[in-house]
Amino acid sequence: MRPDTPAEHITEAERLLRTAAQHPEDQEPLFLQAAAHLELAGDRARATTLYDRLLGSPDTAVENPHLVKALKAANLWEYGHEAEARAILDGLRTAGPLDAAAWDIAAQTLEAHDELESALDFFSTALNDLLTPGEEVPYATRALLTGRHRVRRLMGAGHDAWDELADTLHTAAVPLDELHDPKRLWSLGSSDPGELRAEITRLRAELGTYRAALSRPFPVAVLHWPEDELSELLTAYPELRREYTGHTAHLDRLEAALRDLRAAGTAHLGIVTGTVPSYEAFAASEAASPSDPDLLPQYATTLAARGRAVPWPPARAAACWCGTERAYRDCHGTA
């Protein structure tokens, strides 16, 4: 059952922090989840402390520093630290991260405080940086299209190419133009039964979208081994050579598997990266042998549940998921 009261959110945050202490390699996603629960409990100052611990720790390399900064800014603004929040958001825009989630959080923060022009600027800048017209839109980037569409409707702007793309990708029964209609609030105070019924239909459509998102707390993830980790794994457990014939073949197989899943209609996909010590610890926790190939998908699912999955496909201009410094479009995204 999901936490509902402030006390339940505090309890869940404490549980996540205990888990982070047991699994320091997963500290970043667990801290972010804990901070979210603290915000929901109203303990925003403590949430900020967690963001600061992530950003200021010399012992931990933060994988998504721009996302952490965006979340910190959103939280700071909510409890009276507007100037500091604005400074963080300005720095994020200058940095131009290739992380859709960081841009989305930043833009929504501005939108929530009626900074519509700035929010539109963030959404538009992100899309121009992350997408090339005509290419497939990664799952994580779709929220930027939807948010930009919403802000432009609030501003009374007409449709452009990005808005039309957002409409095309939207799958709910109620179209985006109707969901984002600025006049919707008026219908809530209407005495016209027809307007009230229409608003109930729109709310049900939105609720269905939120429920679908909540039903997928982590992506369908495939397991990626860096070259040195795969070599160590196969040296220690040669029985797994039936699963892995070589590192290049392993990478190509992952990309092919992800493309097959997408073609089959699976929308929320990701990649988790394994390490031998982590895998051995997982095997011990399951009272199983690391040489058992049936343990590999369970390990991948566990890493995804801890927030270790990186969304796939990445933006074509972003670094490829395989660990090279080449852009995805020039590496595994060429197919």
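Residues take numbers from 1 onward in each chain, read along the sequence in its written order. Whole-chain, interface and lining totals are the exception, using all residues; otherwise, since this is a predicted model, local features are given only for residues with pLDDT of at least 70 and side-chain atom pairs are given and counted only at 80 or more. The side-chain figures draw on all heavy atoms in the structure; neither hydrogens nor water molecules are used.

Draft legend 1. Geometry of a negative patch on the surface. The patches described consist of residues with a relative accessible area above 30% and no salt bridge, like charges being joined within 9 Å and nonpolar side chains (Val, Leu, Ile, Met, Phe, Trp, Tyr) within 5 Å. To be clear on the numbers: accessible area is Shrake-Rupley with a 1.4 Å probe, and residue cover counts the displayed protein chains and nothing else. Here, a salt bridge means any side-chain nitrogen of Lys or Arg that lies within 4 Å of a carboxyl oxygen of Asp or Glu. For this count, His and the chain ends are skipped, Lys and Arg are scored as positive, and Asp and Glu as negative. Think of each charge as sitting on NZ of Lys, CZ of Arg, CG of Asp or CD of Glu. A surface patch of negative charge is lined by Glu-227, Asp-228, Glu-232 and Glu-280. No other element matches helix H13 (residues 227–236), which puts three residues into the negative patch. Helix and strand definitions follow DSSP, with helices as H or I runs of at least four residues and strands as E runs of at least two, each counted in order from the N terminus. Positionally, Glu-280 belongs in helix H15 (residues 276–285).

Draft legend 2. The environment of Glu-239, seen in detail. For Glu-239, the location among the structural elements is in the loop between H13 and helix H14 (247–263). Taking relative accessible area as the criterion, Glu-239 reaches 40% and is therefore assigned partly exposed. For the pair Glu-239 and Ser-291, spaced 52 residues apart in sequence, the C-alpha separation works out to 5.9 Å. The classification of residues rests on relative accessible area computed with a 1.4 Å probe and restricted to protein chains. Under 20% of the type maximum is buried, over 50% is exposed, and intermediate values are partly exposed.

Draft legend 3. Quick peek at the packing of H15 against helix H16 (residues 295–305). Only the stretch in contact is used when a helix axis is fitted, and all axes are lines through C-alpha atoms; the angle between N-to-C directions ranges over 0 to 180 degrees. Where H15 meets H16, the axes come as close as 11 Å, and the angle between the chain directions of the two elements is 105°. One finds that H15 runs roughly perpendicular with respect to H16. Seen from H15, the contacting residues are Ser-278, Tyr-279, Phe-282 and Ala-283; seen from H16, they are Leu-295, Leu-296, Gln-298, Tyr-299, Thr-302 and Leu-303. For the contact of H15 with H16, the residue count by class is seven nonpolar, three polar and no charged. Each angle receives one of four descriptions, namely roughly parallel if under 35 degrees, roughly antiparallel if over 145, roughly perpendicular if within 65 to 115, and oblique otherwise. The contact criterion used is simple: two residues touch if any of their non-hydrogen atoms lie within 4.5 Å. Each residue gets one label: Ala, Val, Leu, Ile, Met, Phe, Trp, Tyr, Cys and Pro are nonpolar, Asp, Glu, Lys and Arg are charged, and the others, such as Gly, are polar.

Draft legend 4. Inspection of the packing of aromatic side chains at higher detail. Ring pairs shown here join Phe, Tyr and Trp side chains whose ring centres sit within 6.5 Å, with only the six-membered ring taken for Trp; geometry is labelled stacked below 30 degrees between planes, edge-to-face above 60, and tilted in between. A full pass over the atoms with the stated rule returns five aromatic pairs. Where Phe-282 meets Tyr-299, the ring centres are 5.7 Å apart and the plane angle is 40°; that geometry is what we call tilted. You can see Phe-282 sitting in helix H15 and its partner Tyr-299 sitting in helix H16, a full 17 residues away along the chain. Both residues of the pair, Phe-282 and Tyr-299, count as buried. One aromatic cluster in this structure is built from Trp-225, Tyr-279, Phe-282 and Tyr-299.

Draft legend 5. Looking closely at the nonpolar core. Ranked by size, the top nonpolar core spans 50 residues in total, and within it Phe-122 and Leu-144 carry the most contacts. The contact partners of Leu-144, leaving out residues within four places of it in the chain, are Ala-100, Trp-103, Asp-104, Phe-123, Ala-126, Leu-127 and Leu-130. Put simply, buried Ala, Val, Leu, Ile, Met, Phe, Trp, Tyr and Cys residues joined by side-chain atoms within 4.5 Å make one nonpolar core.

Draft legend 6. Molecular detail of helix H9 (residues 161–169). Those residues of H9 that fall on the buried side of the exposure criterion are Trp-162, Asp-163 and Ala-166. Each buried residue of H9 sits inside an arc of 100° when the element is viewed along its axis, so together they form one side. The exposed set on the far side of H9, more than 90 degrees from its buried face, consists of Ala-161 and Thr-168. Looking at the packing, one finds that the buried side of H9 touches helix H7 (116–130), helix H8 (142–154) and helix H10 (176–179). Counting of polar contacts relies on pairs of N or O atoms within 3.5 Å, with two restrictions inside protein: one atom must be capable of donating a hydrogen and the other of accepting it, and residues adjacent in sequence are counted only when both atoms are side-chain atoms. At the N-terminal end of H9, a side-chain oxygen is found 3.2 Å from the backbone nitrogen of Trp-162, two or three residues along, and the residue is Asp-160. In this context, the arc is that of the directions from the helix axis out to the C-beta atoms.

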